[in-house]
Structures are given as C-alpha cells and as structure tokens.
Amino acid sequence: MAQQNRPHIMLASLTLAGASRYPSALGHLVRTAALAAYLANVLELDDAEQERIYLVAPVHDIGKLGIPDDVLFKPASLTDAEHEIMQRHSNIGADLLAGTADPLLQMAASVARHHHEHFDGSGYPDGLAGEGVPLAARIVAVADAFDAMLEPRVYRPGMPEDNALQALADQSGRYFDPAVVDCFLKNVSRVRRIRAATEDLVQQYGDVSGVIRFYGGRGQSPGFFRHIQAL
Ligand SMILES: [Fe+2]
Ligand SMILES: [Fe+2]
C-alpha cells in the first residue's frame, strides 16, 4: 500500500480498536463521521477538507480506551468524580494521536482533544470558545451529540428524532456553533438518508469489512465517502 495511505490504515485500526470496547460502538463512530462529512459539505468546505473531517471523526472518542469499565459502563448517571475521570478521554485520545508530522493525524488529535469544548467556553478540556475551537471539532461535536441522543443507552431509551433536533436548536450558541447547527437543520431528510446508509454499511458488512469500506480499502480514495456525498 502506498506510503501516503498509512494514516488511513492507522485511523482504520484505531477505529476498530475503539469499537472493540463495547458492542454497537462502531455504528455510532461511523454515523458520527458521515454526519460530520454532511456538515462539512453544507458548510461548503473544500472537498479535501470534507474528506479529512470524515476520515478523522471516527477516532474522536479513542481516549475511552483509557477509561475504567466501572465509569465507562456505569448504567446510571455519573458522580462528579466519575465525570472528571470520563472527561479525561479527550486528553487521552489526543495523546494517543499526537507526536506525528502527518497533518491528518494532527487533525485527528485536535478533534479528539476538542470535541467537548462548548461554543460559550463552558466545555472541556481547555475551555476554548467560539471560533477558538477548531472548526473540525465544532462540526464533530454537533454530529456526535445528535447521533448519541438517538442511540439507546443502558440507562435510557433513544431520544425521538424531533426531540434531538430540538435539543440541538436549544443548545445552539451555548454548546454548539450556531452556524453548524443551522447547517444540520437545513436538510434533515438528507441527514436521515446518510445516517441510514451508514447504519447499513455496518449491518451489511460487519465491523472489520465495514471499516475497510468506510476508509476506502486498498489505498483508494474512500468509496463510501463519495457514496454519502451523493445522497
Ligand atoms: Fe467524547
Ligand atoms: Fe461520541
């Protein structure tokens, strides 16, 4: 495989590693990435940047590999101390991805570190605000939150889509960049199509083959990325 595709291989491996931690995690990771790519597209970022965001988004939570089971899998809300432990996943993820000269992996590290920053500065780990939060992280934050709200958890059922959309609108300008939320709400039927196609990818091919297809396999430009761009 050509040298320039090594970052893709590494990101694909890390995506699988992250997904191995608990069942059904992969669906969330790749749906988040597909929705982030949709947002990058509606925001009219250039094509290469849209693709970079797609490629790095699945490793946003890779730092959860370093969170102890009793916190990560607690079937109830977390205590303050447990929250603090959980929040470490941002830094752990950034540390796992850091130290490379490769721009794609640098972007992955930045998204891992900053995807829980809030637009009003109330997030973590650095309390960055507004456009001080890297754009890719602002995009992944919205995609991640939406998909997470729709997913059932041990301690709660999945939220109805209308409520999740309302929650994004409510937190626009607080947690989330209003420009990104506006783009998300612009074409909800496209959001649905992209989410469903990405769900199918995992259902149809399973984790390993699904991830290979997500990253384009054999060093080609990601076929699935092109596929969802056209939806
Ligand atoms: Fe996270
Ligand atoms: Fe997530």
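All figures in this text were calculated on a predicted structure; none of them were measured in a lab. (Residues numbered from 1 in each chain as written. Chains lettered and ligands numbered in written order. Predicted model: local features only at pLDDT ≥ 70, side-chain atom pairs only at ≥ 80, totals over all residues. Heavy atoms only, no water.)

Asks: Just checking my understanding: could you explain the coordination of the iron ion (ligand 2) for this structure?
Replies: Tetrahedral metal sites with four donors have an ideal angle of 109.5 degrees; octahedral sites with six donors have ideal angles of 90 or 180 degrees. Every protein donor of the iron ion (ligand 2) is listed here as His28 (NE2), His60 (NE2), Asp61 (OD) and Asp144 (OD), and their distances to the metal cover 2.2 to 2.6 Å. Taken together, the four donor atoms coordinating the iron ion (ligand 2) and their angles of 78 to 153° define a geometry best described as irregular. In this structure, the iron ion (ligand 2) is positioned 4.7 Å from the iron ion (ligand 1), and both are ligated by Asp61. Residue His28 is found in helix H2 (residues 25–42), and its partner Asp61 is found in the loop between helix H3 (47–56) and helix H4 (69–72); the two are separated by 33 residues along the sequence. Just as His28 is buried, Asp61 falls in that class too. (Donors = N, O, S within 2.8 Å, 3.2 Å for Na, K, Ca; no water. Tetrahedral: all angles 85-135°; square planar, octahedral: opposite > 155°, others 65-115°. Helix = DSSP H or I, 4+ residues; strand = E, 2+ residues; numbered from the N terminus. Buried < 20%, exposed > 50% of the residue type's maximum accessible area, 1.4 Å probe, protein only.)

Asks: So what exactly am I meant to see when it comes to unusual backbone geometry here?
Replies: With glycine set apart, most residues show a phi of negative sign, and most peptide bonds adopt trans. With an omega dihedral of 5°, the bond running from Tyr124 to Pro125 counts as a cis peptide bond. Positive phi is not limited to glycine here, since Glu44 has a value of about 60°. Note that Glu44 resides in the loop between H2 and H3. Look at Glu44 and you get exposed, because its relative accessible area is 70%.

Asks: How do you make sense of the UniProt feature "domain: HD" (unreviewed entry) in the chain when you look at a structure like this?
Replies: Those residues carrying the UniProt feature "domain: HD" (unreviewed entry) are residues 25–149 in this numbering. End C-alpha atoms of residues 25–149 are separated by 14 Å, and the span's content is 61% helix alongside 0% strand. (UniProt positions renumbered as here; feature names shortened; annotations may be inferred.)

Asks: Sorry if this is basic, but what is going on with the packing of helix H1 (residues 6–19) against helix H7 (residues 103–114) here?
Replies: For any two helices packed against each other, one specifies the inter-axial angle together with the distance between the axes. The contact between H1 and H7 brings their axes to 9 Å, and the two run at 30°. The orientation of H1 with respect to H7, classified from their angle, is roughly parallel. Between H1, through Pro7, His8, Met10 and Leu11, and H7, the contact on the second element is made entirely by Leu104, Leu105 and Ala108. Tallied by class, residues from the contact of H1 with H7 come to six nonpolar, one polar and no charged. (Axes fitted to C-alpha atoms, helices over the stretch in contact; angles between N-to-C directions. Parallel < 35°, antiparallel > 145°, perpendicular 65-115°, else oblique. Contact = heavy atoms within 4.5 Å. Nonpolar A, V, L, I, M, F, W, Y, C, P; charged D, E, K, R; others polar.)

Asks: Just to check I follow, could you spell out the coordination of the iron ion (ligand 1) for this structure?
Replies: Binding of the iron ion (ligand 1) to the protein goes through Asp61 (OD), His89 (NE2), His115 (NE2) and His116 (NE2), at separations of 2.1 to 2.2 Å. Given four donor atoms and angles of 86 to 175° at the metal, the environment of the iron ion (ligand 1) is assigned as irregular. Judged by its relative accessible area of 3%, His115 is buried. Given a relative accessible area of 21%, His116 falls into the partly exposed group.

Asks: Would you take a moment to explain the pattern of salt bridges for this structure?
Replies: Oppositely charged side chains are able to pair whenever their charged atoms sit close together. Scanning the model with the defined rule gives 13 salt bridges in all. Linking Arg226 and Asp47 is a salt bridge whose minimum nitrogen-to-oxygen distance equals 3.2 Å. One end of the pair, Arg226, is in helix H12 (residues 223–229); the other, Asp47, is in helix H3, and 179 residues separate them in sequence. Linking Arg226 and Glu51 is a salt bridge whose minimum nitrogen-to-oxygen distance equals 3.3 Å. In this pair, Arg226 sits in helix H12 while Glu51 sits in helix H3, placing the two residues 175 residues apart along the sequence. For Arg226, a relative accessible area of 37% gives the class partly exposed. A relative accessible area of 15% places Glu51 in the buried class. Taken together, the shared-partner salt bridges in this structure form one network comprising Arg31, Asp147, Glu151, Arg195 and Glu199. (Salt bridge = Lys/Arg side-chain N within 4 Å of Asp/Glu carboxyl O.)

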